[in-house]
Amino acid sequence: MIKKAALLVLFLALVYQAIRPPPPKTCSTAGLPSTTPRIKLRDGRHLVYKEYGVPKKSANYNVIYVHSFGGSKFEAALITSKAIEELGVYLVSFDRPGYGKSDPHPKRSFKSLALDIEEVADQLELGDKFYVVGFAMGAHFVWGCLKYIPQRLAGAALLAPAINYWWPGFPANLTKQALDKQLPRDQWVYQVAYYAPWLMYWWNTQQWFPGFSVITGEFKLSQKDLKIAYSLDEMQLQQAYVTQQGDFESLHRDLIIGFGKPEFDPMDMKNPFPNNESFAHL
């Protein structure tokens, strides 16, 4: 009986060790060059950012860019600089928590990221209202800005946003069609995110089943897109930069937040701009 109990304890310990993600390889901002722009948030975390476009004082539009899954502050370099300058745009992009050199946030959520964005705007003195633009998974998190800080938005743009396949307000037949079009391996990852988020680290590091295609490199842009993206020096920098704190606090946590139990349902949201004081583009 004692031997069986000991074996059970040993088995459970091995399982726990396998599914427990390692601590983040924290990149202390104290060691960054003094020229690296960063801000310290109210809770003590640091966010690292990069500025693009025209100077703030002469800008027609102050815009905060929210990067995609596997992206970073460098992703905003994909936006044509000529267009930004012609329109008079000041654009700031930041490493989301756990990405690049921004401190991780173990309790990261749609709300916490919206409040981080608001604090970035305040510390950089972008004014009472500012614009927010998100791409892919970054656009997914712009929903949080529309819900939690609509009074601060001059406008919002969601570019090719990801969706949560378990939003209650989405017609079930549409979500099933959308989910069925995904690679089978990715469908499994979405199911893990929703039903067993505590397995996310193990699922994407074990060798028995294929992991998320974007992480493993199975999902790729077209050759034309890759040629454009990697012709930019900053996009080449991004490759080794994104997950330097580990995959869990960046990629895996994104999957859990983005595709897990919905924090809210965008379909239930009321118009955040009832008097047409701002606008949103999808």
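This is a predicted model, so every value here is computed, not measured. (Residues numbered from 1 in each chain as written. Predicted model: local features only at pLDDT ≥ 70, side-chain atom pairs only at ≥ 80, totals over all residues. Heavy atoms only, no water.)

A.B. asks: I would appreciate a short explanation of the side chain of Gln187 in the present structure.
C.D. replies: The residue Gln187 is located in helix H6 (residues 184–195) in this model. For Gln187, the side chain forms a polar contact with the main-chain oxygen of Leu179, separated by 3.3 Å. Residue contacts for Gln187: discarding those within four places in its chain leaves Leu179, Asp180 and Gln182. (Helix = DSSP H or I, 4+ residues; strand = E, 2+ residues; numbered from the N terminus. Polar contact = N/O pair within 3.5 Å; in protein donor to acceptor, adjacent residues only side chain to side chain. Contact = heavy atoms within 4.5 Å.)

A.B. asks: Even after reading the chapter, I still don't get the layout of surface pockets, so can you show me in this structure?
C.D. replies: The probe, sized like a water molecule, is rolled over the atoms to show the empty space still left. Its boundaries defined by the atoms lining it, the second largest pocket holds a volume of some 330 Å³. Lining of the second largest pocket is provided by 17 residues; of these, Val63, Leu87, Val89, Leu91 and Val133 occupy positions nearest its centre. For the lining of the second largest pocket, the secondary structure elements donating two or more residues are strand E3 (61–66), helix H2 (81–87), strand E4 (89–94), strand E5 (130–135) and strand E6 (153–159). For the lining of the second largest pocket, the leading source of residues is E6, giving four residues. Taken together, the residues of the lining of the second largest pocket sort by class into 15 nonpolar, two polar and no charged. (1 Å grid on protein atoms, 1.4 Å probe; cavity = no way out; pocket = protein on both sides within 12 Å on 5 of 7 lines; lining within 4 Å. Points joined across faces, edges and corners; volume = space filled by probe spheres on them. Nonpolar A, V, L, I, M, F, W, Y, C, P; charged D, E, K, R; others polar.)

A.B. asks: Which parts of the structure should I look at to understand the packing of H6 against helix H11 (residues 247–259)?
C.D. replies: Each pair of packed helices can be described by the angle between their axes along with the distance between the axes. Remark: H6 packs on H11, axes separated minimally by 8 Å, with the N-to-C direction vectors making an angle of 75 degrees. With respect to each other, H6 and H11 are oriented roughly perpendicular. Contacts from Val189, Tyr190, Ala193 and Tyr194 in H6 reach Leu255, Ile256 and Phe259 in H11. Here the residues of the contact of H6 with H11 sort into seven nonpolar, no polar and no charged. (Axes fitted to C-alpha atoms, helices over the stretch in contact; angles between N-to-C directions. Parallel < 35°, antiparallel > 145°, perpendicular 65-115°, else oblique.)

A.B. asks: Help me understand empty space enclosed by the protein, please; the structure alone is not making it clear to me.
C.D. replies: Taken as a whole and assessed by the stated rule, the structure comprises one cavity of 30 Å³ or more. Estimated volume of the largest cavity: approximately 50 Å³. Along the walls of the largest cavity sit Phe110, His140, Asn164, Trp167, Ile257, Gly258, Pro262, Glu263, Phe264 and Pro266, which together make up its complete lining. Tallied by class, the residues present in the lining of the largest cavity amount to six nonpolar, three polar and one charged.

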